[in-house]
Amino acid sequence: MPALDQVLAQIHSDELAELTRDLIRIPSVYRPGEPGGNEERVARFVESWLRREGVEVLVQEVAPGRPNIIGWIGEKTPGRKSLLLEGHTDVVTEGDAGHWTWPPFSAELVDGRIYGRGAADMKSGLAAAMVAVAALRRAGVEPRGKLVLGALVDEEDAMLGVRHLVTTDVGRELDAAIICEPEQNELCLEQRGVVWARFRARGRMAHGAMPEAGVNPIACLGAILREAPALERRLRRRCTRSRHLRPPTVTPTIAQAPPRGVGVPQSNVIPALAELTLDIRLTAGIDADGVRSELEAVCARAAAGCPGAKVEWEPVNPFRLATQVDRAEPLVQCMIRGVREGAGRAPKFGGVPGSTDGTVLRMELGIPIVTCGPGNRLIPHQVNEYVDVAEIAEAARIYAAAALSYLES
Ligand SMILES: [Zn+2]
């Protein structure tokens, strides 16, 4: 029996369903300050599961109670490659549990569908990746090269897990990565970038009845808001068009005057400071300097409209630019083969509307990434999040077939 058939024979949808349900039943919302409000329990579950399967495991303590679990089979030797199957262990808040049809962490299985927080984003993708790695091992197939599983922390927030991984040996030696996020098992070669820009306008405090005695920074926020559509148009001109992604967008998300922690808002006081955050989403074609110069220009125009005020901006997070991978990349070719051989169908292509840990891998390591995983692309972070068991099984088969093909290449 050829190696791939032996490996695929080790992938069973019942096991995938149960593993996904086990992972969902361990809540892993990051709640700072709350005992157990982190990824530790689910990470330790992944660790023991991998050890039982005979997979090598490394625990990277990224922050207290927040470990990355890295598992691998095979070895990276000269001329051989290292491929990462990437997932994250954190999930976003369930919100008001009363709005869910079934409790958000009960992982109800109804008509081939599993419901719960993290069902799609992304405990099912993680389960599919774990089983894909284990299936190679169970089949006794020694990969040419190294197949790595990363169960990383903090994807939903500052991406501390992947930022840590890229500074370590096992991260630096990676040649490519499959990001197992919910994309309906489509092959996504592009993801939009994100920049959160916080503008700060500095004026001068005064009595609301005597505005001429001060400089009102809130007027500057108005000027920045008026600039936002023009900024969006300029970014759309500078970025490339994509068949799979929406064009760049500029969305105001936070406006505060005075900002939190800097005084108390009062109806008769012109504050000294005002802040506005823009959530900027990008497609490929613009670099970090290009974005910076556009934001500087917004500051200059806003300041010109508000005599006496100072306007500056700062990034809230490190920049995550849009990423794109060429269809000719060996990883992409192997994923196409993986879909044909593992799922028995032609591949579909798509794009990732937001940014993921893959963005960091692509930007920091320069390696090709393809995002492909089980779950409806629109369902993450919603109430009654779900995933179809058939899609989880298909994902595991795609990962196993693509990994074999990539490590052979
Ligand atoms: Zn996710």
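The shown structure was predicted, so the numbers you read here are calculated from the model rather than taken from an experiment.

A.B. asks: Got a minute to help me understand the coordination of the zinc ion in this structure?
C.D. replies: Octahedral metals with six donors have ideal donor angles of 90 or 180 degrees. Tetrahedral metals with four donors have an ideal donor angle of 109.5 degrees. Distances from the zinc ion to its protein donors, H88 (NE2), D121 (OD), E181 (OE) and E181 (OE), fall at 1.9 to 2.6 Å. Note that the zinc ion binds four donor atoms; their angles at the metal cover 54 to 145°, and the shape is irregular. Mapped onto the polypeptide sequence, the residues donating to the zinc ion form the spacing pattern H-x32-D-x59-E. Taken together, the positions of H88 in strand β3 (residues 82-88) and E181 in the loop between β7 (176-179) and β8 (187-191) put the pair 93 residues apart, joining distant regions of the chain. For H88, a relative accessible area of 0% translates into the label buried. On the accessibility criterion, E181 (6% relative accessible area) is buried.

A.B. asks: So what exactly am I meant to see when it comes to helix α10 (residues 357-365) here?
C.D. replies: Each α-helix winds once per 3.6 residues, and so residues spaced three or four apart point in a common direction. Among all positions in α10, only D357, G358, T359, V360 and L361 are buried. Looking at where α10 begins, the residue whose side-chain oxygen comes 2.9 Å from the main-chain nitrogen of G358 is T356. Looking one or two places after α10, you find G366, whose phi comes out positive at around 70°.

A.B. asks: What exactly am I supposed to notice about the packing of aromatic side chains here?
C.D. replies: Each aromatic ring pair is specified by the distance between its two centres and by the angle formed by the two planes. Taken as a whole and assessed by the stated rule, the structure comprises three aromatic pairs. Ring centres of W102 and Y115 lie 4.7 Å apart, and the angle between their planes is 40°; on these two criteria the pair is classed as tilted. Of the two residues, W102 sits in the loop between β3 and β4 (108-110) while Y115 sits in strand β5 (residues 113-115), which places them 13 residues apart along the sequence. On the basis of an interplanar angle of 35° and a centroid distance of 6.3 Å, the ring pair of W313 and F319 is categorised as tilted. For the pair formed by W313 and F319, the shared burial category is buried. Looking at K146, its charged tip hangs above the ring of W72, at a distance of 4.7 Å from the centre. One residue, R327, lies across the ring of F349, its end atom 3.7 Å from the ring centre.

A.B. asks: Quick question: what am I supposed to make of the sheet that holds strand β13 (residues 273-282) here?
C.D. replies: Sheet strands associate in pairs through backbone hydrogen bonding, adopting either a parallel or an antiparallel arrangement. Strand order in this open sheet of four strands is β11-β13-β9-β14, and the pairing throughout is antiparallel. With one partner strand each, in any of the chains shown, β11 (249-256) and β14 (310-315) form the two edges of the open sheet. Recorded for the sheet is a direction-independent mean angle of 25° between the axes of neighbouring strands. Sheet analysis places strand β9 (residues 193-202) next to β14, joined by six bridges and oriented antiparallel. Looking at the pairing, F199 lines up with W313 of β14.

Conventions we followed
- Residues numbered from 1 in each chain as written.
- Predicted model: local features only at pLDDT ≥ 70, side-chain atom pairs only at ≥ 80, totals over all residues.
- Heavy atoms only, no water.
- Donors = N, O, S within 2.8 Å, 3.2 Å for Na, K, Ca; no water.
- Tetrahedral: all angles 85-135°; square planar, octahedral: opposite > 155°, others 65-115°.
- Helix = DSSP H or I, 4+ residues; strand = E, 2+ residues; numbered from the N terminus.
- Buried < 20%, exposed > 50% of the residue type's maximum accessible area, 1.4 Å probe, protein only.
- Polar contact = N/O pair within 3.5 Å; in protein donor to acceptor, adjacent residues only side chain to side chain.
- Phe/Tyr/Trp six-rings, centres within 6.5 Å; stacked < 30°, edge-to-face > 60°.
- Lys NZ or Arg CZ within 6 Å of the ring centre and 35° of its normal.
- Pairing = 2+ DSSP bridges.
- Axes fitted to C-alpha atoms, helices over the stretch in contact; angles between N-to-C directions.

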